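The residues making up each chain are set out below.
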Amino acid sequence: MDRALLISPENPFPADSGGRLRLRGIVEVLAQRFALDLLTYDRPGHADLEQARARLNVIQVSRTVSRGLAALRSLYRRRPAGYMGHADLDMLEPARALCRTSRYHTVVVDNTQLGYFLPVLRRLQPDARLVVLAHNFESGLCEQLAAWQPPGPRRALYAWSAWQTRRHEIEVCRQADLLVCTSPGEAAAFAALHPPVAARTVVVPSCIDARHYGAFRRMTPRPATLVFPGDMAYFPNVAGARFFVDAVLPLVRRRVPQVSLRLVGRTPHPSLVALAAADPGIVVTGAVDLAAAHIADGQVVVVPLLHGSGTRLKILEAWAVDRPVVSTTKGCEGLVCRDGDELLVADRPEAFADAVCRLLDDHALAGRLVRRARHTLLTHYDVRVLPSALAAIVGDE
């Protein structure tokens, strides 16, 4: 059996975030085709990891890169300021050791921010295919973050980071044998940076295993409960939650006074914790073991994103547990869906509030959306479509 190496700063065991959920599906398919080595950061022991060790070789390293060190190092390394841009401090030597002792058919680098591994991997594994998983169009995301800041030093810093990230992504496009994007729109964005990469790009949508959500489909939702799931430290989610609380929720409460909102996700931003402290109708859960259980607890799932990239695992999980969704255009960007078919789409506060109230009141409408959404989920985003989607990575194309 051929051997493959996957280098990822995101340990997908357990798969407790959108990125990890996507990576987990990719790991499972790679482990069926290759003898797979996974080099990743360590996390507290989890049953998922112990089960995974039967199917792949997991090499875990401790993370020493702090946000401050990453920001300082970015100035003279000319890299993005996030910790992933400096994971070489922890992972480069273990990667070198693996490459010196094994011959790999394929080496997969998870995230474009680890693109600086590519020259080293090319030298040590000249015959391997180098594959980069682009979960997001990071430079575009940085530009959105810069625009979100008030004028001043912080905006200038984020604009500089966007410029550095764009340079970095161009180099990734030049060096990767295969670039894997989450949606056609993001593939086009990378091609605009470096047109030749278009011929070496494939689109692999994010997928989930719908079979794992059966118990949650049978849960009875709490009436007049809205759920917004996601990493609540991630700036698009923070901005989206604040937009919803400030501009949309008051309009919903005029028509449904008893409505409540649950923000479900790890490491909530202090501003969101403060919102919950001031409003008993808002609950911030923090990290949860099973996000699907909390999503199923709601009557309607809201995705009020104004920024972001990638595909929205939060919507796929809502579809998997049969909960209707109201989203902004940005929130469902990259998914196969249409307003009024799989979900309701609204961008203005008044329209968003109206859509939420319609679903709280009209159970027939909610049921139609849920049925259509499940069909779309099983057709395009169930893990069973992943093997064919990943054919270009595993070399079966």
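Below you will find a few notes about this structure.

It is the contact of helix α6 (residues 138-148) with helix α7 (residues 153-175), at a shortest axis distance of 8 Å, that shows an interaxial angle of 170°. One element, α6, and the other, α7, form an angle in the roughly antiparallel class. Of the residues in α7, those touching α6 at Glu138, Ser139, Cys142, Glu143, Leu145, Ala146 and Ala147 are Arg155, Tyr158, Ala159, Ser161, Ala162, Thr165, Arg166 and Glu169. A breakdown of the residues in the contact of α6 with α7 according to their chemical character gives seven nonpolar, three polar and five charged.

Now for the packing of aromatic side chains. Scanning the model with the defined rule gives five aromatic pairs in all. Ring centres 6.4 Å apart and planes at 65° place the aromatic pair Tyr213 and Phe216 in the edge-to-face group. Judged by its relative accessible area of 7%, Tyr213 is buried. Overall, the relative accessible area of 15% leaves Phe216 in the buried class.

Take the sheet that holds strand β6 (residues 178-181) next. The strand order across the open sheet formed by seven strands is β3-β2-β1-β4-β5-β6-β7, and the pairing between neighbours is parallel. Looking at which strands have only one partner, the edges of the open sheet turn out to be β3 (57-61) and β7 (201-203). In this sheet, adjacent strand axes meet at a mean angle of 20° when their direction is disregarded.

Two side chains of opposite charge can pair, provided their charged atoms sit close to one another. Enumeration according to the criterion identifies 21 salt bridges in this entry. The partner of Glu28 in a salt bridge is Arg24, and the shortest N-O contact between them spans 3.2 Å. Taken together, the residues span about one helical turn, with Glu28 and Arg24 both in helix α1 (residues 18-33) at a distance of four residues. For Glu93, the salt bridge goes to Arg96, with nearest N and O atoms at 2.5 Å. One end of the pair is Glu93 and the other is Arg96, both in helix α4 (residues 88-101) and three residues apart, which spans about a single turn. Here the residues in one salt-bridge network are Arg24, Glu28 and Arg55, joined through shared partners.

We now examine a nonpolar patch on the surface. Together, Leu72, Leu75 and Tyr76 give the surface a local cluster of nonpolar side chains, amounting to about 360 Å² of exposed area. Mapped onto the fold, Leu72 is located in helix α3 (residues 67-77). Its relative accessible area of 53% is what places Leu72 among the exposed residues.

What follows covers unusual backbone geometry. Working note: non-glycine residues mostly have negative phi, and peptide bonds are mostly trans. That bond from Phe13 to Pro14 is cis: its omega, 5°, falls within 30 degrees of zero. Mapped onto the fold, Pro14 is located in the loop between β1 (3-8) and α1. At Ala224, a position not held by glycine, the phi torsion is positive, near 55°. Relative to the elements of secondary structure, Ala224 occurs in the loop between α9 (214-217) and β8 (225-229). Residue Asp322 is not a glycine yet carries a positive backbone phi of 65°. Position of Asp322 relative to the elements: it lies in the loop between α13 (313-320) and β12 (325-327). Look at Asp322 and you get buried, because its relative accessible area is 18%.

The next thing to look at is the pairing of β6. Where burial is concerned, the two faces of β6 agree: the one with Leu178 and Val180 and the one with Leu179 and Cys181 are both buried. One ladder, built from three bridges, connects β6 with β7; its direction is parallel. If you follow Val180 over to β7, its bridge partner there is Val202. Crossover handedness for the path β6 to helix α8 (residues 184-193) to β7: right-handed.

Conventions adopted
- Residues numbered from 1 in each chain as written.
- Predicted model: local features only at pLDDT ≥ 70, side-chain atom pairs only at ≥ 80, totals over all residues.
- Heavy atoms only, no water.
- Axes fitted to C-alpha atoms, helices over the stretch in contact; angles between N-to-C directions.
- Helix = DSSP H or I, 4+ residues; strand = E, 2+ residues; numbered from the N terminus.
- Parallel < 35°, antiparallel > 145°, perpendicular 65-115°, else oblique.
- Contact = heavy atoms within 4.5 Å.
- Nonpolar A, V, L, I, M, F, W, Y, C, P; charged D, E, K, R; others polar.
- Phe/Tyr/Trp six-rings, centres within 6.5 Å; stacked < 30°, edge-to-face > 60°.
- Buried < 20%, exposed > 50% of the residue type's maximum accessible area, 1.4 Å probe, protein only.
- Pairing = 2+ DSSP bridges.
- Salt bridge = Lys/Arg side-chain N within 4 Å of Asp/Glu carboxyl O.
- Patch = residues over 30% accessible without salt bridge, like charges linked within 9 Å, V, L, I, M, F, W, Y side chains within 5 Å.
- Areas by Shrake-Rupley, 256 points an atom, 1.4 Å probe, with all protein chains shown as cover.
- Right-handed = clockwise from strand over helix to strand, strands pointing away.

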